[in-house]
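# Architecture at a glance
Chain residues, written in single-letter form:
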Amino acid sequence: MNTRDASVTPARGGVWGRLSDLFYRRPAILLALLLGPPLFWIGVVYVGSLLALLVQSFYSIDEFSGRIVREFTFKTYLELLRPSNLDIVLRTVLMAATVTVTSAIIAFPIAYYAARYARGWVKALFFIAVMLPLWSSYLVRVYAWKLILANEGVLNWGVSKVGLSPLIEALLSLPVIGGPSLAFSYIGTFLVFLYLWLPFMILPIQAALERVPVSMLDASSDLGARPGQTFRKIIFPLALPGIVAGSIFTFSLTLGDYIAPQIVGSSRLFIGQAVYVHQGTAGNLPMAAAFSMVPIVVMAIYLWIAKRMGAFNAL
Amino acid sequence: MQQNTVLIAMPENARQVSSSQEASFPAAVSLASVSRHFDAVKAVDQVDLTVHEGEFFGMLGPSGSGKTTCLRLVAGFEQPTAGHIAIFGEQVDGIPPYRRSVNTVFQDYALFPHMNVVDNVAYGLMIRGVGKKERRRQAEETLELVRLSEFVDREPGQLSGGQRQRVALARALINRPKVLLLDEPLGALDLKLREQMQVELKSLQRELGITFVFVTHDQSEALSMSDRVAVFNQGRVVQVGTPVDIYERPETRFVADFVGSSNILEPAFCERIGAPSGLWSLRPEKIRLAPEGLSDEAGTIDVTGEVRHVQYQGATRRCVLAVKDTELALAMPAVGVEPVVGRTAHVRWRLDDMHGMKQV
Amino acid sequence: MRFNRSGAPRRLKLAAIAGLLFLHLPLLLIFLYAFTTEEKSYQFPPPGYTLKWFSVAWERQDIWDAFMLSLKIACIATGAAIVLGTLAAAAVARTRFFGREVLSLLIILPIALPGVVTGIALRSAFDIASIPFSFWTIVLGHATFCVVVVYNNAVARLRRTSSSLLEASLDLGANSFQTFRHVLLPNLATALLAGGMLAFALSFDEVIVTTFTAGQQETLPIWMLSELVRPRQRPVTNVVAVFVVIITFLPILMAYYFTRGSETIAGQGK
């Protein structure tokens, strides 16, 4: 032993110190303690619920008593394939696709300006202006459109002031997307969705564009590319992962929403509403579960494609 | 220690000397066949190493050679998968870093960003429960030691790289460690500051008498600062010795190549130029331009070759000479005759300057 | 378009500003409607202005009850999220273990899938396990997506925190708990606070998951939803809407303040 001096490895610190020593010698114990609670939460509560959902979708409802029959059956899924239900799925997916494409077009200039030209406080302002609606006041923002689109509301008021009322009427007289008024048509639902999910498209595109060095654009124009060519050949391909990342949100959120079409829109259902109606008044939980499998499957396919396009690097 | 008169050092000599010292008192740090494997990657593999008390010990090697992992094993951030580590004779297996009287200066300095300089330095004392006043007094004293007393109340973000390093040094020294570990201590500094810090670290170590173990990939830094150097390659220690040993008498092709740029004379080449058979290293500065004609001096080798490149480097001039199918590098004082590219040149070196290496 | 730094093309600038106005004018409109004297319709421009509805809303016990319930739920869900999210982030960021990728994917799932899926999944689970709806079933639902938010913020900060910082603390004599208290927590605090703020904002006006897990309980968003479907006193709803906007905007602005200049809170989704 070393006698010239105090120990090189002094023992310190009571219970906590000894516990800490144990973590050092057996890191697995610490890991287990760290992982245990969240793993229990996500693994049991959330994944468990998803499994319960899956199980539920293989139950069926007894049409006479209205009670859930807890036996394995494909009956509920077969019911899902009825034309009226397929209509709902098709309608929702089309809406999600339209919303996604439109929001990408509107989001791009905002994201491009914020990423390339905005500096200092302007940039901060852009960021906050996009963050606030992204994180909050979902219901209030749906509500705002009920105010705007009402017959006596601000949109009709503004349109009649500039004498464009016939245009609105022409739009509303169109088959399928038209209706008695904007607040009760697909156009209205579309506008609300676009408004709701636009921030989710702006931020990922901006993040992708921030990573494009200015010198690369200079190089492109230096090599003789016209601005349009630079956009097509350089900016757009580099922004694409951001667009795909944003589209994951806009697509997924539109697929599952049932509040917006309930408040602004026609009486024809979207997937989310179908889920809500089946689990609620109808008490048909198995049907609701089967319906909610649709967005899961659609999103799984979508995510798989997005992953292959490298969209996750932009998240 | 080693005698420079040993012309061709036998690989075992250096180790014999150190093991005879081990017997008298415990080594500051000793590693006994220590390995650290990360799955299939053998970061440190079967390393035996002894650092003596009061020594300035360098661990030199290319990145990924295991030198940093070795340091982290001594500090306790990693635990060996095999073998034992002792610090001043005490086994530290399973002893966490906070219970080892060893402190570390990190490569990125690792100053706590939420504390000012004095709180950073006093951190170890605070953890040990030393009172606030006493903490500050000792911290100021230690900062004086590293000549940074005027920066006591600054935030780390306001300091330059060199100043941050001094804070890191003070923070590690305030605990009066038995061994101070330094991970690439000068790596982030510019050349001028690096040279200044080399001198300061060296004198600080002499003043305090603490054992310093430092890691570097810079061979000139290792040679100029260390009392002894361990050269690492692929997780193993390939040679341990004084800087002179390492430089003059590399034991392997790797050391000869990595530490300074040696000429390696292959057995086939030796045969052709009439040198004794074997694998030899020959330092570029040992080769001199010589007058034409066969040498009448005994114990020298003479060759003629074509000058390929000449590089003027201020004090020296380096040139590459093609001799048969081998290129020889020469370093000569810049004041002499300048070899001309494309011409033939005649060079000579002493047999004694050739050092035999293991056939690896 | 030219790509120098001097200035944006006018058309791009106009498009960007128009986009931001599109995002914010509708909210301003709600503020305007909170002061209207018109009670039965959404007439624009409002025929007159009054502060009456603020006092009417203030007197309504049902609004207060809903508000208190939402506040309680948001606080508890946020607290649970901070604990669970931090633990998960510490495990994922600091150690390599089997299934690490799977865990980080699973944690993101509640926001990657539509809210209605989370809602109906919890509803199915409660049904199968025969758990009656209560205050706690709502909290449970909210915590699932709140965890993600805290986790994302904590993981981002931990990735930026040099691991040698923790090693330096251990090296200087602090055990794991002391290191947590004196080094990790101070460095993580603002990220956790930001995550907590966002989680609070999300929880406070969450309605999609809540409708599936609430039973008879009425949170403020549920109260609003029923007012939207069957309007009773429209201007009072407007006042509540203004209030909800303010109470959810404030924590987000604070979260921005806490993380500004470091990592962004972008792209984390809902």
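Residues numbered from 1 in each chain as written. Chains lettered and ligands numbered in written order. Predicted model: local features only at pLDDT ≥ 70, side-chain atom pairs only at ≥ 80, totals over all residues. Heavy atoms only, no water.

The name recorded for chain B in an unreviewed UniProt entry is Putative spermidine/putrescine transport system ATP-binding protein, from Vreelandella arcis.

With an unreviewed UniProt entry as reference, chain A is termed Putative spermidine/putrescine transport system permease protein, source organism Vreelandella arcis. Its UniProt record gives chain A a comment under Sequence similarities (unreviewed entry), which states: "Belongs to the binding-protein-dependent transport system permease family. CysTW subfamily." (UniProt positions renumbered as here; feature names shortened; annotations may be inferred.)

## Here we look at the sheet that holds strand S17 (residues 344–350) of chain B
Residue and element names in this part refer to chain B. Reading across the sheet, the 5 strands line up as S13-S17-S14-S15-S16 and stay open at both edges, with antiparallel pairing between neighbours. The sheet is open, and its two borders are formed by strand S13 (288–289) and strand S16 (326–333), each paired with just one other strand. Here strand S14 (residues 300–313) runs beside S17; their pairing, made up of 7 bridges, is antiparallel. Looking across to S17, one finds that Ile 301 is bridged to Trp 349. (Pairing = 2+ DSSP bridges. Helix = DSSP H or I, 4+ residues; strand = E, 2+ residues; numbered from the N terminus.)

## Here's the deal with the interface of chain A and chain C
On the side of chain C, 93 residues touch chain A, which itself brings 92 residues to the contact. On the surface where chain A and chain C come into contact, there are 1 salt bridge. With its nearest N and O atoms 3.2 Å apart, the salt bridge here joins C:Asp127 to A:Arg70. Linking chain A to chain C there are 13 residue pairs in polar contact (both at pLDDT 80 or more). No other element matches helix H2 (residues 27–57) of chain A, which puts 17 residues into the side of chain A that touches chain C. Class assignment of the residues belonging to the side of chain A that touches chain C gives a composition of 71 nonpolar, 14 polar and 7 charged. (Contact = heavy atoms within 4.5 Å. Salt bridge = Lys/Arg side-chain N within 4 Å of Asp/Glu carboxyl O. Polar contact = N/O pair within 3.5 Å; in protein donor to acceptor, adjacent residues only side chain to side chain. Nonpolar A, V, L, I, M, F, W, Y, C, P; charged D, E, K, R; others polar.)

## Observations concerning the packing of aromatic side chains
Throughout the structure, instances matching the rule amount to 37 aromatic pairs over all chains. Seen in terms of ring centroids, A:Trp145 and C:Phe22 are 6.0 Å apart; in terms of plane orientation they differ by 65°. Their pairing is edge-to-face. Here A:Trp145, found in helix H6 (residues 138–149), pairs with C:Phe22, found in helix H1 (residues 10–33), and the two come from separate chains. Looking at A:Trp145, the relative accessible area reads 6%, which means it is buried. By relative accessible area, C:Phe22 is classed as partly exposed at 22%. (Phe/Tyr/Trp six-rings, centres within 6.5 Å; stacked < 30°, edge-to-face > 60°. Buried < 20%, exposed > 50% of the residue type's maximum accessible area, 1.4 Å probe, protein only.)

## Comments concerning the pairing of strand S15 (residues 316–323) of chain B
All names here are of chain B. As defined by bridge partners, S14 adjoins S15 across 7 bridges and the pair is classed as antiparallel. Paired with His 309 across the strands is Val 320, a residue of S15. In this antiparallel pair of consecutive strands, S14 and S15, the connection spans 2 residues, and Gly 314 shows a positive phi of 85°. Looking at chain direction, S15 and S16 are connected through 8 bridges and run antiparallel. When the bridges of S16 are listed, Arg 317 appears paired with Met 332. A loop of 2 residues connects S15 with S16, the two strands running antiparallel in sequence, and Lys 324 in this loop sits at a positive phi of about 55°.

## So, the domain arrangement of chain B
The parts lose accessible area when they come together, and the size of an interface is often stated as this lost area. All names here are of chain B. Splitting chain B by domain gives domain 1 (22–101 + 177–258) and domain 2 (263–356). Placing a centre on the C-alpha atoms of domain 1 and another on those of domain 2 gives a separation of 34 Å. With both sides pooled, the region where domain 1 packs onto domain 2 buries about 800 Å², and carbon together with sulfur makes up 44% of that total. Among the residues domain 1 hides against domain 2, the three largest losses belong to Tyr 247, Glu 248 and Arg 253. Together they make up 63% of the total. Run the count over domain 1 and domain 2 and you get 1 salt bridge. In this structure, the salt-bridge partner of Glu 266 is Arg 253, at a minimum N-O distance of 2.7 Å. The interface formed by domain 1 and domain 2 contains 4 residue pairs in polar contact (both at pLDDT 80 or more). (Domains from an automatic or database assignment. Buried area = accessible area lost by both parts, 1.4 Å probe.)

## Considering the interface of chain B and chain A
Tallying the contact residues gives 19 residues for chain B and 16 residues for chain A. Taken over both partners, the interface formed by chain B and chain A buries close to 1600 Å², and the fraction arising from carbon and sulfur atoms is 45%. Among the residues of chain B in contact with chain A, B:Glu90, B:Tyr98 and B:Arg99 are the three that bury the most area, contributing 41% of the side total. Connecting chain B to chain A are 1 salt bridge.

## Thoughts on helix H9 (residues 186–210) of chain A
One full turn of an α-helix is made of 3.6 residues, so residues set three or four places apart face in the same direction. Residue and element names in this part refer to chain A. The end-to-end C-alpha distance of H9 is 35 Å, a good match for the 36 Å that 25 residues give at a rise of 1.5 Å each. The sharpest bend along H9 reaches about 45° and sits at Trp 197, with the proline Pro 199 one to four residues further on. The buried count for H9 comes to 22 of 25 residues, which makes it a mostly enclosed element. (Expected span 1.5 Å × (residues − 1). Bend = angle between axes of the 7 residues up to and from the residue.)

## Section: the confidence of the model for chain A
Detailed reading of the predicted coordinates is not advisable wherever pLDDT is low. Taken over all residues, the pLDDT of chain A has a mean of 84, while the share at 70 or more is 95%. Highest mean pLDDT in chain A belongs to helix H4 (residues 83–116) of chain A (92); lowest belongs to helix H10 (residues 214–222) of chain A (77). (pLDDT = per-residue confidence, 0-100.)

## Comments concerning a nonpolar patch on the surface
All names here are of chain A. Residues Trp 16, Leu 19, Leu 22, Ile 29 and Leu 33 make up a contiguous nonpolar surface patch of roughly 450 Å² in combined accessible area. Secondary-structure elements contributing two or more residues to the nonpolar patch are helix H1 (14–25) and H2. For the nonpolar patch, the element with the highest residue contribution is H1, accounting for 3 residues. For Leu 22, the location among the structural elements is in helix H1. (Patch = residues over 30% accessible without salt bridge, like charges linked within 9 Å, V, L, I, M, F, W, Y side chains within 5 Å. Areas by Shrake-Rupley, 256 points an atom, 1.4 Å probe, with all protein chains shown as cover.)

## Observations regarding the domain arrangement of chain A
All names here are of chain A. The assigned domain composition of chain A is domain 1 (15–57) and domain 2 (79–308). Measuring from the centre of the C-alpha atoms in domain 1 to the corresponding centre in domain 2 gives 37 Å. Each partner contributes residues to the interface: domain 1 has 4 residues there, and domain 2 has 7 residues. Per-residue buried area on domain 1 facing domain 2 is highest for Leu 53, Gln 56 and Ser 57; these three make up 85% of the total on that side. At the junction of domain 1 with domain 2, the criterion picks out 0 salt bridges. The interface formed by domain 1 and domain 2 contains 0 residue pairs in polar contact (both at pLDDT 80 or more). The class makeup of the residues in the side of domain 1 that touches domain 2 is 2 nonpolar, 2 polar and no charged.

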